[in-house]
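# Structural characterization, general
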Amino acid sequence: MSSFFYFLKESLTGFTRNLSTALGSIVTIFLSLLIIGIFLVGGSVVNNVVKSVEQEVNITVWIADDVSSSDVQSLQSAIQSMSAVSSVSFTDKDQALENFKKSSSSDIAESLDGQNPLPASIDVELSDPQMVEDVANQIEANTTFQKICDNPSDPSDSLRYGEKTVDRLFQLTSYVRVIGVALIVLLIFIALVFINNTIRLAILARRKEIAIMRLVGASNGFIRGPFLMEGALHAIIGAALAVGSLELLRNLALPQLQNALTWLPIDLSTGTFALFYVMLAVFGLVIGLLGSAFAMRRYLKV
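Computed from a predicted model, the values in this text were never measured in an experiment.

The strand order across the open sheet formed by four strands is β2-β3-β1-β4, and the pairing between neighbours is antiparallel. Sheet topology places β2 (85–91) and β4 (159–160) at the edges, where each strand pairs with a single neighbour. Pairing of strand β1 (residues 58–63) with strand β3 (residues 120–126), which is carried by six bridges, proceeds in the antiparallel orientation. Bridge pairing links N58 to E125 in β3. Running at roughly 165° to β2, helix α3 (residues 69–80) makes contact with β1, β2 and β3 of the sheet.

In structure tokens, the structure reads:
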């Protein structure tokens, strides 16, 4: 315990002795962890949005009017047997018209003048939305589908699943994840460099004291302690500032964003934020200790 208080006292001495450099290190850790935290929150929001959009990804198979129920059931069974399909349902012409009337204005429905131009359809829900294109290709290759589809001359025209929208959605989410990881790695590297420089200056300022400690037989662990404590101190202060800033954003900015974008599922639980805060504290402590260790290995030789 006495060694711990000695390490703390010496780390505070080094902190005040190199105040401008220490503040630069703390600000760098703070900004790095804050941006990492924002990316964690943003990534969770994006994942929620993607999941909600993916739940809407399905395939509609339009069926011709003059087909037998046995062919329709045969196609339904074939689709249901596909591994990425969770459920299959049939909508006849009358039900399709009722659904259209509910989702459109009364003027459009009245302009139909009692006619029903809508085809029957088979609605396919997927257990894995990423497999939507593969499932669509399997349906298009099915001989029963080619026979009973709404447009036999071009079977692909009887399949609808928002091809371009789905492709862009999956590409966007993959790009966001790659860019986020790359930026986080860059920020961690910058924070390590700042802590390394701060500890290096602390070592140079105390080089005579370190030489005397070696002469009197001080262990390497006793010499390293204050510098590790100083790096950890920078990290703890930076992490606390980052957590506090994120908590302010959660209480002030996030509710306004939710009110402005009510159609997006951006609500995150308190437990999710608590997990993010713990992760930031751990990230900060690891960054502080690693930066100090690298500096000591290079300049202190212990």
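So, on to the packing of aromatic side chains. Following the criterion strictly, the structure yields two aromatic pairs and no others. Centre to centre, the rings of F273 and F276 are 6.4 Å apart; their planes meet at 75°, and the pair counts as edge-to-face. Separated by three residues within a single helix, F273 and F276 lie in helix α11 (residues 270–300), roughly one turn from each other. Of the two residues, F273 and F276, both sit in the buried class. Considering the side-chain rings of F273 and Y277, the 6.2 Å spacing of their centres and the 50° angle between planes classify their relative orientation as tilted. Here the residue F273 and the residue Y277 both occupy positions in helix α11, the gap between them amounting to four residues, near one helical turn. Accessibility expressed as a relative area gives 4% for F273, which makes it buried. Overall, the relative accessible area of 15% leaves Y277 in the buried class. Site record: aromatic cluster; members linked through ring pairs are F273, F276 and Y277.

Turning to a nonpolar patch on the surface, a few remarks are in order. Taken together, the side chains of V278, V282, F283, V286, L290 and F294 define a hydrophobic patch exposed on the protein surface, amounting to about 500 Å² of accessible area. Of note, F283 is situated in helix α11.

Let's shift gears to the packing of helix α9 (residues 207–215) against helix α10 (residues 220–260). Relative orientation of the contacting elements α9 and α10 amounts to 150°, with a least axis distance of 10 Å. As summarised for this structure, α9 and α10 are arranged roughly antiparallel, according to the angle between their axes. Together, I210, M213 and R214 of α9 and F222, I223 and F227 of α10 make up the contact between the two elements.

Turning to the confidence of the model for the protein chain, a few remarks are in order. Mean pLDDT for the protein chain: 77, with 80% of residues reaching 70 or above. The spread of mean pLDDT over the elements of the protein chain runs between helix α5 (residues 106–111), the lowest at 58, and α3, the highest at 89.

The rules behind each value
- Residues numbered from 1 in each chain as written.
- Predicted model: local features only at pLDDT ≥ 70, side-chain atom pairs only at ≥ 80, totals over all residues.
- Heavy atoms only, no water.
- Pairing = 2+ DSSP bridges.
- Helix = DSSP H or I, 4+ residues; strand = E, 2+ residues; numbered from the N terminus.
- Contact = heavy atoms within 4.5 Å.
- Axes fitted to C-alpha atoms, helices over the stretch in contact; angles between N-to-C directions.
- Phe/Tyr/Trp six-rings, centres within 6.5 Å; stacked < 30°, edge-to-face > 60°.
- Buried < 20%, exposed > 50% of the residue type's maximum accessible area, 1.4 Å probe, protein only.
- Patch = residues over 30% accessible without salt bridge, like charges linked within 9 Å, V, L, I, M, F, W, Y side chains within 5 Å.
- Areas by Shrake-Rupley, 256 points an atom, 1.4 Å probe, with all protein chains shown as cover.
- Salt bridge = Lys/Arg side-chain N within 4 Å of Asp/Glu carboxyl O.
- Parallel < 35°, antiparallel > 145°, perpendicular 65-115°, else oblique.
- pLDDT = per-residue confidence, 0-100.

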